[in-house]
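One-letter residues, chain by chain:
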Amino acid sequence: MVIKVLGAGCARCHETERRVINTLAEMGVAADVQKVTDMKEIMSFGVLGTPAIVINDKVKCYGRIPTTDELKQWISEEK
Amino acid sequence: MLKSFADIVIYHWLKLQHGSHIADALNFYIYDIIKIFLLLTTIIFAVAIIRSFFPPERTRKYLNKKRTWIGNILAALVGIVTPFCTCSAIPLFIGFLESGVPLGVTMSFLISSPVVNEVALIMLWGLFGWQIALLYIGSGVIIAIVAGIIIGSLKLERYVEEYVYQMKLGSVELSQPTFRQRLIDAWEYTKQILKKVFPWVLAGVGIGAFIHGYVPVDLLIRIAGRNNPFAVPIAVLIGVPLYSNAAGTIPIVQALTAKGVPIGTALALMMAVTGLSLPEAIILRKVMKPKLLAIFFGIVALAIILVGYLFNAVI
């Protein structure tokens, strides 16, 4: 599973990345977490706001920080 | 009820003397903070729910066929309920232009979104009353519309970085949230904003209380009073490098006006802080060439100064 955290590097993006890593640890799931800061790559997903979460090339949310519960649900869906 | 709570804290729990300086100041401080906190929670929550019906991709769809005027007006209005995080400015900017929203209309949105927001509205309402809050929103929207129309008519598209128009955008389909989901999201958002904004409110009200008690009136009036014709542009210049948000600035603005600084000058300072921030300029530089960026900031600064003078003259 590849989880991409899209964001140019603001506080909200860091918080999102932190939540993803903590959630994975809590669930005991291994995943490749990538931080995408390149604007061209971010835009190629069609999102209009950051932070955004992309799991296995599917956009899960953008423009807000996801909750831990949402992350858990998406991770188990894509596992 | 709020007032009596503040009274209980000050006179019973802390056992401070009625009418003493420190008791009055603290009483005022606690009352203000509780009032702002309640207002913030309710209104941010309500706006977050309204906003969930206006996601940016829908806004973009509304705006892309619209011409000058109607497009600018719509963009400025949608900007009121759209939150604006400086780091989202670029994806929004590129996304709008890519899908055919005119540059001038995009600019109206880009101006209205940070300047006019629910936190500013609540704080002004709580500390100054609804008239000033409406005045602020009205002038912010008008600045966004007019500045967007001017930028649109100047045909500045060539000063947008080339890669913006060459970008290939993916499209994204997110499922429609249920109402329950909207409520949960709105509550999450409210908590996030409160956590972020509250230290600023505490600091702002604190600085405001300090100005209230300790900064001599004649000094302020000489610098920023009615008799200094340059007070408004100076306030705008001071506002640009200040990185704060509406929540932190408004209590300071309130203390300044209480000391006799005219309301136009004070509101100009606030608009400059939220609308013309240096970090935003640095981020926008990635998509705008320096000339466009300078024109954008120049027009908005000019508009804020005009509004400042206008309010000083009228009120």
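Right above here is the structure, for reference.
Presented here is a report on the structure given in the accompanying data block. (Residues numbered from 1 in each chain as written. Chains lettered and ligands numbered in written order. Predicted model: local features only at pLDDT ≥ 70, side-chain atom pairs only at ≥ 80, totals over all residues.)

**Regarding the overall build of chain B**
1) Next: Along the backbone of chain B there are 16 helices and zero strands.
2) Next: Computed over its C-alpha atoms, the radius of gyration of chain B comes to 21 Å, within 12% of the 20 Å expected for a compact globule of 315 residues.
3) Next: With respect to the principal axes defined by its C-alpha atoms, chain B has extents near 70 × 50 × 30 Å. (Helix = DSSP H or I, 4+ residues; strand = E, 2+ residues; numbered from the N terminus. Rg over C-alpha atoms; globule rule 2.2 N^0.38 Å.)

**So, helix α4 (residues 70–81) of chain B**
Residue and element names in this part refer to chain B.
1) Next: Under the 1.5 Å per step criterion, the end-to-end length of α4 is 18 Å for twelve residues, consistent within 8% with the ideal 16 Å.
2) Next: Every buried residue belonging to α4 is among Gly 71, Asn 72, Ala 75, Ala 76, Val 78, Gly 79 and Ile 80, and all of these are buried.
3) Next: Each element contacted by the buried residues of α4 is listed here: α3 (56–63), α6 (103–115) and α8 (130–153). (Expected span 1.5 Å × (residues − 1). Buried ≥ 20, exposed ≤ 12 C-beta atoms within 10 Å, placed from the backbone. Contact = placed C-beta atoms within 7 Å.)

**Comments concerning the interface of chain A and chain B**
1) Next: Contact residues are listed per partner, giving 21 residues for chain A and 21 residues for chain B.
2) Next: Elements that contribute at least two residues to the side of chain A that touches chain B include exactly α1 (11–27) and α2 (39–44) of chain A.
3) Next: It is α2(A) that contributes the most residues to the side of chain A that touches chain B, five residues altogether.
4) Next: Split into classes, the residues belonging to the side of chain A that touches chain B amount to eleven nonpolar, seven polar and three charged. (Nonpolar A, V, L, I, M, F, W, Y, C, P; charged D, E, K, R; others polar.)

**What about the environment of B:Ser52?**
Residues and elements named next belong to chain B.
1) Next: Here Ser 52 shows up in the loop between α2 (21–51) and α3.
2) Next: Here Ser 52 falls in the partly exposed class, since 17 other C-beta atoms lie within 10 Å of it.
3) Next: Sequence-distant contacts of Ser 52, that is, excluding residues within four places in its chain, are made with Pro 177, Arg 182, Asp 185 and Ala 186.

**A look at the sheet that holds strand β1 (residues 2–6) of chain A**
All names here are of chain A.
1) Next: Taken in spatial order, the four strands make up an open sheet running β2-β1-β3-β4, and their pairing is mixed. A strand with exactly one partner marks an edge of an open sheet, and here the two such strands are β2 (32–36) and β4 (58–62). Within the sheet, the average angular offset between the axes of one strand and its neighbour, ignoring direction, is 20°.
2) Next: Note that β1 and β2 share five bridges and pair parallel. Looking at β2, one finds that Ile 3 is bridged to Val 33.
3) Next: Together, β1, β2 and β3 (52–55) form the strand contacts of α1, whose direction differs from that of β1 by roughly 160°. (Pairing = 2+ DSSP bridges. Axes fitted to C-alpha atoms, helices over the stretch in contact; angles between N-to-C directions.)

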